[in-house]
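# Descriptive structure summary
Here is how the chains run, residue by residue.
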Amino acid sequence: MSAVAVRPRMRSRRKGAGLGLVAWLLGILFFLPIAWMALTSFHSEQDAATNPPSFAASLTLDGYREFFGAGGGASPWPALINSTVASVASTLFVLVLALPAAYALSIRPVKKWTDVLFFFLSTKMLPAVAGLLPLYLFAKNTDMLDNIWLLVILYTSMNLPIAVWMMQSFLAEVPVAIIEAARVDGARLPTILTRVVAPIALPGIAATALICFIFSWNELLFARVLTGVVAETAPVFLTGFITSQGLFLAKVCAASLVISLPVLAAGFAAQDKLVQGLSLGAVK
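The rules behind the values
- Residues numbered from 1 in each chain as written.
- Predicted model: local features only at pLDDT ≥ 70, side-chain atom pairs only at ≥ 80, totals over all residues.
- Heavy atoms only, no water.
- Helix = DSSP H or I, 4+ residues; strand = E, 2+ residues; numbered from the N terminus.
- Rg over C-alpha atoms; globule rule 2.2 N^0.38 Å.
- Contact = heavy atoms within 4.5 Å.
- Areas by Shrake-Rupley, 256 points an atom, 1.4 Å probe, with all protein chains shown as cover.
- Salt bridge = Lys/Arg side-chain N within 4 Å of Asp/Glu carboxyl O.
- Buried < 20%, exposed > 50% of the residue type's maximum accessible area, 1.4 Å probe, protein only.
- UniProt positions renumbered as here; feature names shortened; annotations may be inferred.
- Patch = residues over 30% accessible without salt bridge, like charges linked within 9 Å, V, L, I, M, F, W, Y side chains within 5 Å.
- Domains from an automatic or database assignment.
- Polar contact = N/O pair within 3.5 Å; in protein donor to acceptor, adjacent residues only side chain to side chain.
- Phe/Tyr/Trp six-rings, centres within 6.5 Å; stacked < 30°, edge-to-face > 60°.
- 1 Å grid on protein atoms, 1.4 Å probe; cavity = no way out; pocket = protein on both sides within 12 Å on 5 of 7 lines; lining within 4 Å.
- Points joined across faces, edges and corners; volume = space filled by probe spheres on them.
- Core = buried A, V, L, I, M, F, W, Y, C linked by side-chain atoms within 4.5 Å.

Before going further, it helps to spend a moment on the overall build of the chain. Counting its secondary structure elements, the chain contains 14 helices and zero strands. Order of helices (α) and strands (β) in the chain, N terminus to C terminus: α-α-α-α-α-α-α-α-α-α-α-α-α-α. Expected size for 284 residues packed as a compact globule is a radius of gyration near 19 Å; at 24 Å, the chain overshoots this value by more than 25%. With respect to the three principal axes, the spread of C-alpha positions in the chain is 75 × 70 × 30 Å. Across the chain, the fraction of contacts at a sequence separation of at least 24, relative to all contacts at a separation of at least 6, is 76%. As displayed, the chain offers around 16,900 Å² of accessible surface, 70% of which is attributable to carbon and sulfur atoms.

Okay, here's the thing in structure tokens:
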């Protein structure tokens, strides 16, 4: 092999190694705050509050015990259950509504479908706090304050535009010939959506579902204002550990880690579908 042919290959290897190193450094950089939070959650409040922090401080589970109510505090389970119900139910409703809408905007495009997509996306441009007072008055007049199903409806409407936008790009990659063949065989629209389109676009649907679940699970503003005790969600429960007096850093870190686990677990379980979905159509 000539030296001329070897040089490009060596440059390609160096470039690949350099990009890999940069990727590792960025990954470590993004992971450091989570690692720091996890380490702090195992420290006592006195050790967690030291400045500079002590890496050699003794480890304890007191923060987790207090989070789960061992010290006489409130139990986090009702809040965790409420977040699960609101996130899972709203995500399912979003998928049921977004799939036919995305089908109409991609595979069977309506007139001026780009304007429709822009309208969907423009609804996300309104600051959330701008709609807070009307939503509060609506919930008060309909006796839906502190009701978990109000959050389900609200999260569904909040996530539906971004879900339609994402799934439209995913469904646009579904071969039209397969749909036409199913139509020739006598399949109706519900059958086409559930048995033809959905299996092919499953990675994109999974990516959309995961993002909607994360948005719903992490939402704080509306849950803080529209709920009280019965429908309190996990992020609202977390803010209760922040007080004007006393030390609370280790307890807040422990609570944050526990509340983040469902999202981390869902992301880890669906990571292959998420990568496939977000990269769908990127390579022809």
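That shown, we press on.
A few words now on the pattern of salt bridges. Throughout the structure, instances matching the rule amount to three salt bridges. When the shortest N-O distance is used, the salt bridge between Asp62 and Arg65 registers 2.8 Å. Taken together, the positions of Asp62 and Arg65, both in helix 3 (residues 62-67) and three residues apart, correspond to about one turn of that helix. Look at Arg65 and you get partly exposed, because its relative accessible area is 43%. The partner of Arg183 in a salt bridge is Glu180, with the nearest N and O atoms 3.1 Å apart. Of this pair, Arg183 and Glu180 are both found in helix 8 (residues 176-184), three residues apart, which corresponds to roughly one turn of the helix. Given a relative accessible area of 30%, Arg183 falls into the partly exposed group.

The feature "transmembrane region" (unreviewed entry), as annotated in UniProt, sits at residues 21-39, 85-105, 117-136, 148-171, 192-216, 222-241 and 248-270 in this numbering. Helix makes up 100% of residues 21-39 and strand 0%. Its end C-alpha atoms lie 25 Å apart. End C-alpha to end C-alpha, residues 222-241 measures 19 Å, and it is 55% helix and 0% strand.

Here we come to a nonpolar patch on the surface. Taken together, the side chains of Val22, Trp24, Leu26, Ile28, Leu29, Phe30 and Leu32 make up a nonpolar region of the molecular surface, amounting to roughly 800 Å² of accessible area. Note on placement: Leu29 falls in helix 1 (residues 3-41).

It is worth spelling out the domain arrangement of the chain at this point. When cut into domains, the chain gives domain 1 (1-30) and domain 2 (77-278). Each of domain 1 and domain 2 has a C-alpha centre, and the two are 39 Å apart.

Moving on, we get to the side chain of Ser44. Summarising the element assignment, Ser44 is placed in the loop between helix 1 and helix 2 (45-48). A polar contact is formed between the side chain of Ser44 and the side chain of Asp47, at a distance of 3.0 Å. For Ser44, the contacting residues outside a window of four places in its chain are Thr60 and Ala250.

Turning our attention to unusual backbone geometry. Of note, Asp143 is a non-glycine position whose phi angle comes to about 55 degrees, a positive value. In this fold, Asp143 is placed in the loop between helix 6 (132-141) and helix 7 (148-171). Non-glycine residue Asp146 carries a positive phi angle of around 60 degrees.

Once that is clear, we can look at the packing of aromatic side chains. Evaluation of the coordinates by the stated rule reveals seven aromatic pairs. Consider the rings of Phe67 and Phe68, whose centres lie 4.9 Å apart with planes at 80 degrees: the pair is edge-to-face. Through a chain of ring-to-ring contacts, the aromatic side chains of Phe67, Phe68, Trp77, Phe237 and Phe241 assemble into a single cluster.

Next up on the list: empty space enclosed by the protein. Taken as a whole and judged by the stated rule, the model has one cavity of 30 Å³ or more. Approximately 30 Å³ is the volume found for the largest cavity. Around the largest cavity, the lining residues are Ser83, Ala86, Ser87, Tyr155, Ser216, Trp217, Glu219, Thr233 and Pro235. Those elements that provide at least two residues to the lining of the largest cavity are helix 4 (77-106) and helix 10 (202-218).

Relative to the helices and strands, Ser41 resides in helix 1. Judged by its relative accessible area of 0%, Ser41 falls in the buried class. Within the structure, the side chain of Ser41 is placed 2.5 Å from the backbone oxygen of Ala38, a separation counted as a polar contact. Once residues within four sequence positions are removed from consideration, Ser41 is found in contact with Thr60, Tyr64, Ala250, Cys253, Ala254 and Leu257.

Turning to the nonpolar core, a few remarks are in order. With 28 residues, the main nonpolar core has Tyr103, Leu171, Ile179 and Val197 as its most contacted residues. Mapped by element, the contributors of at least two residues to this core are helix 4, helix 7, helix 8, helix 9 (189-200) and helix 10. Beyond its immediate stretch of four places on either side in the chain, Val197 contacts Leu99, Tyr103, Ile107, Leu171, Ile179 and Ile192.

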